[in-house]
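Descriptive structure summary
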Amino acid sequence: MNDPYETTEMHLERLLGRALNSFDLPDATVERLGAALAHASSLHSSHHSTSLRRATYRHAYLLSDGSSLVLWELVHNTGRDSAEQHELYAEESDARLAASRLPAGFPGFAITEGLTGAEGSLEQSLGIDLDADLELLSALMAPPPPQLPPMYAPDDSADHARRVLRRAENVDRPGEETARLLRAAFAHHITQVFGRQFRVGGKDAGFTLYEHAFLLLDGTETSLWEVEHTATPDGRHMCEVYEAERAAREAMEVRARVR
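First, a word on what this report is: a plain description of the structure on this page. (Residues numbered from 1 in each chain as written. Predicted model: local features only at pLDDT ≥ 70, side-chain atom pairs only at ≥ 80, totals over all residues. Heavy atoms only, no water.)

**Let's talk about the nonpolar core**
Phe 207, Leu 209, Val 227, Ala 248 and Met 252 are the most contacted members of the largest nonpolar core, which has 13 residues in total. Elements with a contribution of two residues or more to this core: strand E5 (185-200), strand E6 (203-216), strand E7 (221-229) and helix H8 (245-256). Among the elements that take part in this core, H8 stands out by supplying four residues, more than any other. Counting 12 residues, the second-largest nonpolar core is a separate cluster that includes Ala 161, Ala 185, Phe 214 and Leu 216. (Core = buried A, V, L, I, M, F, W, Y, C linked by side-chain atoms within 4.5 Å. Buried < 20%, exposed > 50% of the residue type's maximum accessible area, 1.4 Å probe, protein only. Helix = DSSP H or I, 4+ residues; strand = E, 2+ residues; numbered from the N terminus.)

Structure, rendered in structure tokens:
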């Protein structure tokens, strides 16, 4: 359910597009989703028999005002020729009610409330913690606290910029134009603006964000934003560099959603 290369905007477009009842969602809910910055999806419950399949997914969103919003997706194969059907609800109770109305042979939530404990065990066995997901996403996307103006130090700054760009592994790293601009750097300042340890894909992964601020010969200032993390398949250290802080934070958020 979590595609590491899918933006929140793309995820919402896909989710709303496939739901048969997306037009039933409250206008206020859809309007709030327009301010979604990040998302995390997880399997909430499921039922499978010889010919019947039903699953409920929880999609949690972090909004630009710091609040969160959850959508509940009911997926079942009651369409023509057992085609998969998707329904979307703003409230868990509505998803439960919809599940209880599925054809005979499909246990619905309303008549299987005794399974609640089992469903909780399912979430635990899959290592799903939506509160932790939202905390992680909030931390990654939160702006840093106000800082004092950097105290620039002349220290072979052009070479420092060259080394930062050289170790970047991301394909969308700054290009030759930025490298050429930074050849005129004569002083720089390094600040760690974020650093946290998270569980990603069942393993510990560290995320650190640095701002490399440069003072150029013409008196202007520019920055490179460096992300260092270990959210890689083999746990190795990886470095990514971006021209904008927001792009760097979004990159961390994508890495943190890889499961």
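**Re helix H3 (residues 92-100)**
Residues Ala 95, Ala 98 and Ala 99 constitute the buried set of H3. All buried residues of H3 lie within an arc of 100 degrees about the axis, which places them on one face of the element. Next to the buried residues of H3 lie strand E2 (53-63), strand E3 (68-76) and strand E4 (85-89). (Arc of directions from axis to C-beta. Contact = heavy atoms within 4.5 Å.)

**A word on the sheet that holds E3**
Paired through backbone hydrogen bonds, the strands of a sheet run either parallel or antiparallel to each other. Taken together, four strands build an open sheet; the order of strands is E1-E2-E3-E4 and the sheet is antiparallel. Of all strands in the sheet, those with a lone pairing partner are strand E1 (36-48) and E4, marking the two edges. Adjacent strand axes in the sheet meet at a mean angle of 20 degrees when their direction is disregarded. The pairing of E1 with E2 spans 11 bridges and is antiparallel. Its bridge partner being in E2, His 48 is matched across the sheet by Arg 53. Against the sheet, helix H1 (residues 8-18) engages E1, E2, E3 and E4, with an angle of about 40 degrees to E1. Along the sheet, H3 makes contact with E1, E2, E3 and E4, crossing E3 at roughly 5 degrees. (Pairing = 2+ DSSP bridges. Axes fitted to C-alpha atoms, helices over the stretch in contact; angles between N-to-C directions.)

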